[in-house]
Amino acid sequence: QRLHALLQRMDEVENVVDGNSKHVHELRKEARSQYNDILTAIQDSLQNSIATRELADRVEHLEQRAGM
């Protein structure tokens, strides 16, 4: 009986571990997706910053040409 109870308990533990493994896998996928979203946002921000600097330089150049 004890052996049967131990085997049954081991099966229960194995099922819980399997369930948690799936949950951990899903959490890793979600974290990876959020990480990629953050990287994309940082890249977009950097590109916007570069474009803003380029526009400011062009405006400054035009103002100099216009004698302002």
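Residues numbered from 1 in each chain as written. Predicted model: local features only at pLDDT ≥ 70, side-chain atom pairs only at ≥ 80, totals over all residues. Heavy atoms only, no water.

Peer 1: Hey, could you run me through the overall build of the protein in this one?
Peer 2: Helix and strand counts for the protein come out as one helix and zero strands. Over its C-alpha trace the protein gives a radius of gyration of 29 Å, far above what one expects of a compact globule, namely 11 Å for 68 residues. Along the first, second and third principal axes, the C-alpha set of the protein runs to 100 × 10 × 10 Å. Looking at the protein as a whole, 0% of its 68 residues are labelled buried. About 6700 Å² of surface is accessible on the protein, with carbon and sulfur atoms providing 55% of the total. Placing the 9 positive and 12 negative side-chain charges of the protein at their respective mean positions leaves the two points 4 Å apart. (Helix = DSSP H or I, 4+ residues; strand = E, 2+ residues; numbered from the N terminus. Rg over C-alpha atoms; globule rule 2.2 N^0.38 Å. Buried < 20%, exposed > 50% of the residue type's maximum accessible area, 1.4 Å probe, protein only. Areas by Shrake-Rupley, 256 points an atom, 1.4 Å probe, with all protein chains shown as cover. Lys, Arg positive; Asp, Glu negative; His and termini not counted. Charge placed at Lys NZ, Arg CZ, Asp CG, Glu CD.)

Peer 1: Explain the pattern of salt bridges to me, please; I cannot follow it from the model alone.
Peer 2: Opposite charge on two side chains allows them to pair when their charged atoms are near. Considering all chains together, one arrives at two salt bridges under this definition. Put simply, K29 and E26 hold a salt bridge, and the shortest N to O gap is 3.9 Å. You can see K29 and its partner E26 sitting in helix α1 (residues 2-66), three residues apart, about one turn around the helix. (Salt bridge = Lys/Arg side-chain N within 4 Å of Asp/Glu carboxyl O.)

Peer 1: Would you take a moment to explain a nonpolar patch on the surface for this structure?
Peer 2: A surface patch of nonpolar side chains, amounting to about 400 Å² of accessible area, comprises Y35, I38, L39 and I42. Looking at the secondary structure, you find L39 in helix α1. Judged by relative accessible area, L39 falls into the partly exposed class, the value being 35%. (Patch = residues over 30% accessible without salt bridge, like charges linked within 9 Å, V, L, I, M, F, W, Y side chains within 5 Å.)

Peer 1: Hey, could you run me through a negative patch on the surface in this one?
Peer 2: Among the surface-exposed residues, E54, D57, E60 and E63 lie close enough to one another that they form a single negatively charged patch. Position of D57 relative to the elements: it lies in helix α1.

Peer 1: Got a minute to help me understand α1 in this structure?
Peer 2: Note that an α-helix has 3.6 residues per turn; residues three or four places apart therefore point the same way. Over its 65 residues, α1 runs 95 Å from end to end, which matches the ideal 96 Å to within 8%, given 1.5 Å per residue. Of the residues trailing α1, G67 is marked for its positive phi of about 75°. (Expected span 1.5 Å × (residues − 1).)

Bear in mind that shape data such as this cannot, by itself, settle questions of function.
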